[in-house]
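Residue-level listing of the chains:
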Amino acid sequence: MEDLITPAVLGVGVVSFAIAWVVNTAIRVSHGYPLENSWGKSVYPQKDKETVERLKLASQENAQLRAELGSVKDRLANVERIVTDSGYHLTHEIEALRSSEARSPEMQSPDREGQFK
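Conventions and cut-offs
- Residues numbered from 1 in each chain as written.
- Predicted model: local features only at pLDDT ≥ 70, side-chain atom pairs only at ≥ 80, totals over all residues.
- Heavy atoms only, no water.
- Helix = DSSP H or I, 4+ residues; strand = E, 2+ residues; numbered from the N terminus.
- Buried < 20%, exposed > 50% of the residue type's maximum accessible area, 1.4 Å probe, protein only.
- Areas by Shrake-Rupley, 256 points an atom, 1.4 Å probe, with all protein chains shown as cover.
- UniProt positions renumbered as here; feature names shortened; annotations may be inferred.
- Salt bridge = Lys/Arg side-chain N within 4 Å of Asp/Glu carboxyl O.

Attention now goes to the overall build of the chain. Counting its regular elements, the chain contains 3 helices and 2 strands. Within the chain, the proportion of its 117 residues that are buried is 2%. Of the roughly 11,200 Å² of accessible surface on the chain, a fraction of 61% belongs to carbon and sulfur atoms.

This part is about the UniProt feature "coiled-coil region" (unreviewed entry) in the chain. The UniProt record marks residues 55-82 with the feature "coiled-coil region" (unreviewed entry), using the residue numbering of this structure. For residues 55-82, the helix share is 100%, the strand share is 0%, and the end-to-end C-alpha distance is 41 Å.

Across all of its chains, the model carries 1 salt bridge by this definition. The partner of R98 in a salt bridge is E95, with the nearest N and O atoms 3.1 Å apart. Of this pair, R98 and E95 both sit in helix α3 (residues 86-103), 3 residues apart, which is roughly one turn of that helix. Since its relative accessible area comes to 42%, E95 is described here as partly exposed.

Have a look at this one:
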């Protein structure tokens, strides 16, 4: 019973704890969470000029993409309005009637008033 905690078991436990701590810290940093010191206070990574410049470029690109997405949404709304408009359907029905009139030979000649029979 006294030999349950051997130096090998203790060493494996310490190494696995250290690996878990490093992985946890790497995940937190990659997702933007602040690091904590030994007292639980947040410690933010230092920002150099390159990081600040990349952040500015990313936010400018984000704003441009949001504006472009807004204009695409507006255009899509206009296209949907045109397609669902009753005039659009009416135009297609008229064109279908014209094409069916063109297929029937007896309706090719207009009468005296210029109307088709």
